[in-house]
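Close look at the chain arrangement
Below are the chains, spelled out letter by letter.
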Amino acid sequence: MSYVPHVPYVPTPEKVVRKMLELAKVGPDDVVYDLGCGDGRIIISAVKDFSAKKAVGIEINDERIREALSNIEKNGVVGRASVIKGNFFEVDISEATVVTMFLLTNVNEMLKPKLEKELKPGTRVVSHEFEMRGWIPKEVIKVEDGNMNHTVYLYIIGEHK
(Lines give C-alpha, C1' and ligand atoms only; values in the text may rest on other atoms or scores of the structure.)
Protein backbone atom coordinates (compact mmCIF):
# COMPACT_ATOMS: atom_id res chain seq x y z
CA MET A 1 0.00 0.00 0.00
CA SER A 2 1.34 3.41 -0.86
CA TYR A 3 1.61 6.34 1.49
CA VAL A 4 -1.61 7.30 3.28
CA PRO A 5 -1.34 10.91 4.42
CA HIS A 6 -2.96 12.03 7.63
CA VAL A 7 -5.07 15.00 6.73
CA PRO A 8 -7.26 16.30 9.55
CA TYR A 9 -10.97 16.41 8.72
CA VAL A 10 -12.03 20.03 8.51
CA PRO A 11 -15.24 20.54 6.51
CA THR A 12 -15.04 23.22 3.82
CA PRO A 13 -17.53 26.00 4.66
CA GLU A 14 -20.54 26.03 2.29
CA LYS A 15 -19.66 29.49 0.97
CA VAL A 16 -16.17 28.22 0.04
CA VAL A 17 -17.66 25.09 -1.61
CA ARG A 18 -19.77 27.33 -3.87
CA LYS A 19 -16.81 29.57 -4.74
CA MET A 20 -14.59 26.55 -5.54
CA LEU A 21 -17.18 25.15 -7.95
CA GLU A 22 -17.89 28.61 -9.45
CA LEU A 23 -14.16 29.23 -9.96
CA ALA A 24 -13.86 25.91 -11.79
CA LYS A 25 -16.94 26.85 -13.87
CA VAL A 26 -18.55 23.47 -13.15
CA GLY A 27 -21.41 22.66 -15.52
CA PRO A 28 -23.40 19.83 -17.16
CA ASP A 29 -20.41 18.38 -19.06
CA ASP A 30 -18.23 18.03 -15.97
CA VAL A 31 -17.12 15.04 -13.95
CA VAL A 32 -15.96 16.31 -10.55
CA TYR A 33 -13.63 14.34 -8.28
CA ASP A 34 -13.14 15.46 -4.67
CA LEU A 35 -9.99 14.04 -3.07
CA GLY A 36 -10.80 13.35 0.57
CA CYS A 37 -14.50 14.10 0.24
CA GLY A 38 -15.40 14.08 3.95
CA ASP A 39 -19.18 14.42 4.34
CA GLY A 40 -19.70 14.74 0.57
CA ARG A 41 -20.67 18.43 0.50
CA ILE A 42 -18.59 19.30 -2.60
CA ILE A 43 -19.77 16.36 -4.73
CA ILE A 44 -23.38 16.93 -3.68
CA SER A 45 -23.22 20.64 -4.52
CA ALA A 46 -21.48 19.88 -7.84
CA VAL A 47 -24.41 17.78 -9.11
CA LYS A 48 -27.25 19.53 -7.27
CA ASP A 49 -26.32 23.21 -7.63
CA PHE A 50 -24.00 23.18 -10.67
CA SER A 51 -25.61 20.35 -12.70
CA ALA A 52 -22.37 18.37 -13.05
CA LYS A 53 -22.88 15.17 -15.06
CA LYS A 54 -21.28 13.16 -12.26
CA ALA A 55 -19.34 13.73 -9.03
CA VAL A 56 -17.13 11.22 -7.24
CA GLY A 57 -15.65 11.55 -3.78
CA ILE A 58 -12.63 9.54 -2.71
CA GLU A 59 -12.47 8.94 1.02
CA ILE A 60 -10.57 6.52 3.24
CA ASN A 61 -12.40 7.07 6.56
CA ASP A 62 -15.39 4.74 7.07
CA GLU A 63 -17.26 7.19 9.29
CA ARG A 64 -16.93 9.99 6.69
CA ILE A 65 -18.05 7.57 3.93
CA ARG A 66 -21.20 6.67 5.89
CA GLU A 67 -21.90 10.37 6.43
CA ALA A 68 -21.32 11.18 2.73
CA LEU A 69 -23.57 8.32 1.53
CA SER A 70 -26.30 9.43 3.93
CA ASN A 71 -26.00 13.04 2.70
CA ILE A 72 -26.10 11.91 -0.95
CA GLU A 73 -29.34 10.07 -0.20
CA LYS A 74 -30.84 12.98 1.78
CA ASN A 75 -30.08 15.34 -1.11
CA GLY A 76 -31.62 13.07 -3.74
CA VAL A 77 -28.47 12.76 -5.85
CA VAL A 78 -27.95 8.98 -5.67
CA GLY A 79 -26.59 7.80 -9.02
CA ARG A 80 -25.05 11.18 -9.84
CA ALA A 81 -22.85 11.55 -6.75
CA SER A 82 -20.91 8.59 -5.38
CA VAL A 83 -18.07 7.76 -3.02
CA ILE A 84 -15.12 5.43 -3.60
CA LYS A 85 -13.47 4.03 -0.49
CA GLY A 86 -9.76 4.26 -1.03
CA ASN A 87 -6.50 6.13 -0.96
CA PHE A 88 -6.65 8.94 -3.53
CA PHE A 89 -3.03 8.22 -4.47
CA GLU A 90 -4.21 4.83 -5.79
CA VAL A 91 -7.62 5.59 -7.33
CA ASP A 92 -7.74 6.35 -11.06
CA ILE A 93 -9.02 9.91 -11.52
CA SER A 94 -8.38 10.22 -15.26
CA GLU A 95 -12.07 10.78 -16.15
CA ALA A 96 -12.21 13.96 -14.04
CA THR A 97 -12.67 17.33 -15.73
CA VAL A 98 -12.53 19.07 -12.32
CA VAL A 99 -10.61 17.95 -9.22
CA THR A 100 -11.22 19.62 -5.85
CA MET A 101 -9.17 19.25 -2.68
CA PHE A 102 -8.67 20.65 0.80
CA LEU A 103 -5.53 18.83 1.85
CA LEU A 104 -2.14 20.10 3.04
CA THR A 105 0.72 21.68 1.08
CA ASN A 106 2.96 18.60 1.47
CA VAL A 107 0.14 16.29 0.31
CA ASN A 108 -0.57 18.55 -2.68
CA GLU A 109 3.14 18.38 -3.45
CA MET A 110 3.05 14.56 -3.48
CA LEU A 111 -0.10 14.55 -5.64
CA LYS A 112 1.36 16.71 -8.43
CA PRO A 113 2.96 13.83 -10.44
CA LYS A 114 -0.30 11.83 -10.27
CA LEU A 115 -2.38 14.82 -11.39
CA GLU A 116 0.02 15.58 -14.25
CA LYS A 117 0.07 11.95 -15.37
CA GLU A 118 -3.65 11.12 -15.12
CA LEU A 119 -5.50 14.34 -15.91
CA LYS A 120 -6.19 15.54 -19.44
CA PRO A 121 -5.03 19.02 -20.51
CA GLY A 122 -7.70 21.55 -19.62
CA THR A 123 -8.76 19.75 -16.42
CA ARG A 124 -9.37 22.26 -13.63
CA VAL A 125 -7.74 21.62 -10.26
CA VAL A 126 -9.15 23.66 -7.37
CA SER A 127 -7.37 23.68 -4.02
CA HIS A 128 -8.85 25.22 -0.89
CA GLU A 129 -6.26 27.00 1.26
CA PHE A 130 -3.13 25.14 0.10
CA GLU A 131 -1.23 25.94 -3.07
CA MET A 132 0.49 23.59 -5.47
CA ARG A 133 4.07 24.81 -5.08
CA GLY A 134 5.80 25.22 -8.44
CA TRP A 135 2.53 25.42 -10.37
CA ILE A 136 1.25 28.76 -11.62
CA PRO A 137 -2.37 29.33 -10.62
CA LYS A 138 -4.79 30.55 -13.28
CA GLU A 139 -6.65 32.41 -10.56
CA VAL A 140 -6.46 32.92 -6.79
CA ILE A 141 -9.46 34.23 -4.87
CA LYS A 142 -10.17 35.13 -1.25
CA VAL A 143 -13.44 34.02 0.29
CA GLU A 144 -14.72 35.55 3.53
CA ASP A 145 -17.12 33.19 5.33
CA GLY A 146 -17.93 35.30 8.37
CA ASN A 147 -15.30 33.68 10.57
CA MET A 148 -12.15 33.85 8.50
CA ASN A 149 -10.66 34.45 5.09
CA HIS A 150 -10.05 31.45 2.86
CA THR A 151 -7.85 31.24 -0.22
CA VAL A 152 -8.89 29.19 -3.23
CA TYR A 153 -6.44 28.34 -6.03
CA LEU A 154 -7.43 27.36 -9.57
CA TYR A 155 -4.95 25.51 -11.77
CA ILE A 156 -5.49 24.28 -15.32
CA ILE A 157 -3.62 21.13 -16.38
CA GLY A 158 -1.44 22.04 -19.36
CA GLU A 159 -1.33 25.72 -18.33
CA HIS A 160 0.06 25.31 -14.82
CA LYS A 161 3.80 25.57 -15.45
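A few points on the structure. Values in this document were obtained by computation on a predicted structure and should not be read as measured data.

So, the overall build of the protein
Helices and strands together make up the secondary structure of the protein, namely four helices and seven strands. Listed N to C, the secondary structure of the protein is α-β-α-β-α-β-β-α-β-β-β in terms of helices and strands. The C-alpha radius of gyration of the protein comes to 14 Å, within 12% of the 15 Å expected for a compact globule of 161 residues. Of all 161 residues assigned to the protein, the portion counted as buried reaches 52%. Across the protein, the fraction of contacts at a sequence separation of at least 24, relative to all contacts at a separation of at least 6, is 67%. In the protein, which carries 22 positive and 24 negative side-chain charges, the distance between the mean positions of the two groups comes to 2 Å.

Points about the nonpolar core
Counting 30 residues, the largest nonpolar core has Leu-21, Val-26, Val-32, Ile-72, Val-83 and Val-152 as the members making the most contacts within it. When contributions to this core are tallied by element, the ones reaching two or more residues are α1 (14-23), α2 (41-48), α3 (62-74), β3 (81-85), β6 (139-144) and β7 (149-156). For Val-152, the residues in contact, after removing those within four places along its chain, are Val-16, Met-20, Leu-23, Val-126, Ser-127, Glu-139, Val-140, Ile-141 and Val-143. Phe-89, Val-99, Leu-111 and Val-125 belong to the second largest nonpolar core, which has 23 residues in total.

Definitions and cut-offs
Residues numbered from 1 in each chain as written. Predicted model: local features only at pLDDT ≥ 70, side-chain atom pairs only at ≥ 80, totals over all residues. Heavy atoms only, no water. Helix = DSSP H or I, 4+ residues; strand = E, 2+ residues; numbered from the N terminus. Rg over C-alpha atoms; globule rule 2.2 N^0.38 Å. Buried < 20%, exposed > 50% of the residue type's maximum accessible area, 1.4 Å probe, protein only. Contact = heavy atoms within 4.5 Å. Lys, Arg positive; Asp, Glu negative; His and termini not counted. Charge placed at Lys NZ, Arg CZ, Asp CG, Glu CD. Core = buried A, V, L, I, M, F, W, Y, C linked by side-chain atoms within 4.5 Å.

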